[in-house]
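# An overview of the molecular structure
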Amino acid sequence: FTGKAIKPAVTVKDGKPKLKKDTDYTLSYSCNTDIGIASVIITGKGKYSGTIKQNFNIIPPKTELTVISSGSSYNLSWKASKGATGYKIYGSTDGKKFKLLKTVDADDKKTSLSTKITSNGKKYTFKIKAYTEVYPQTFYSKY
């Protein structure tokens, strides 16, 4: 998600040969500016006819965590991800198996957010995913 129209690259083939945009087909997009499900419509042209609609997901941008260890707790902070309605913070004690530790609601007015996690004597590695709920689905950023 960027706030601007997303137009992913499209490859159209008839068997092995790749077809040429604007010669053999045209593209149009719908719902491709907001987080959620967007579509590209491929319409045949010249000797090609018909239309094909393919959906693609627009997800929130990822964000990076800053982690400061303080005694028996961790203070985590991050920049707000544009369009996110919340954040899921995952932790791992082995760096491999991450489990959900906390969910934080987004605040549209803030450019950064933070939370505190008690360590209970464990040493954690953290990851964060921004998410946006677009009923009936939830769209997650990458780690």
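So, a few notes on the structure that sits alongside this text. In this text the structure is predicted, and so the values were computed from the model without any measurement. (Residues numbered from 1 in each chain as written. Predicted model: local features only at pLDDT ≥ 70, side-chain atom pairs only at ≥ 80, totals over all residues. Heavy atoms only, no water.)

This brings us to the environment of N75. With respect to the element layout, N75 can be found in strand β5 (residues 73–79). Among the residues examined, N75 registers a relative accessible area of 32% and is labelled partly exposed. Through-space distance from the C-alpha of N75 to that of L100 is 16 Å; in sequence the pair is 25 residues apart. In this structure, N75 is in contact with T66, V67, I68, S70, T115 and K116, ignoring residues within four places of it in sequence. (Helix = DSSP H or I, 4+ residues; strand = E, 2+ residues; numbered from the N terminus. Buried < 20%, exposed > 50% of the residue type's maximum accessible area, 1.4 Å probe, protein only. Contact = heavy atoms within 4.5 Å.)

Moving on, we get to the sheet that holds strand β6 (residues 86–92). Reading across from one edge, β7-β6-β9-β10 is the order of the 4 strands in this open sheet, with antiparallel pairing throughout. Either end of the sheet is taken by a strand with one partner, and the two such strands are β7 (99–105) and β10 (137–140). If you compare each strand with its neighbour and ignore which way they point, the axes differ by 30 degrees on average. Sheet analysis places β6 next to strand β9 (residues 125–134), joined by 7 bridges and oriented antiparallel. Across the sheet, S92 pairs through a bridge with T125, a residue of β9. (Pairing = 2+ DSSP bridges. Axes fitted to C-alpha atoms, helices over the stretch in contact; angles between N-to-C directions.)

L76, W78, Y87, I89 and F126 are the most contacted members of the largest nonpolar core, which totals 13 residues. Taken together, the elements giving at least two residues each to this core come down to β5, β6, β8 (112–118) and β9. In this structure, F1, I35, A38 and F56 belong to the second largest nonpolar core, which totals 7 residues. (Core = buried A, V, L, I, M, F, W, Y, C linked by side-chain atoms within 4.5 Å.)

Spatially, the 3 strands line up as an open sheet ordered β1-β2-β3, and their pairing is antiparallel. At either end of the open sheet lies a strand with only one pairing partner, and these are β1 (25–30) and β3 (51–58). Geometrically, the sheet is characterised by an average inter-axis angle of 25 degrees between neighbouring strands, direction not taken into account. Bridge analysis of β1 against strand β2 (residues 36–44) gives 6 bridges, and the strand direction is antiparallel. Note that in β2 the partner of Y29 across the bridge is V40.

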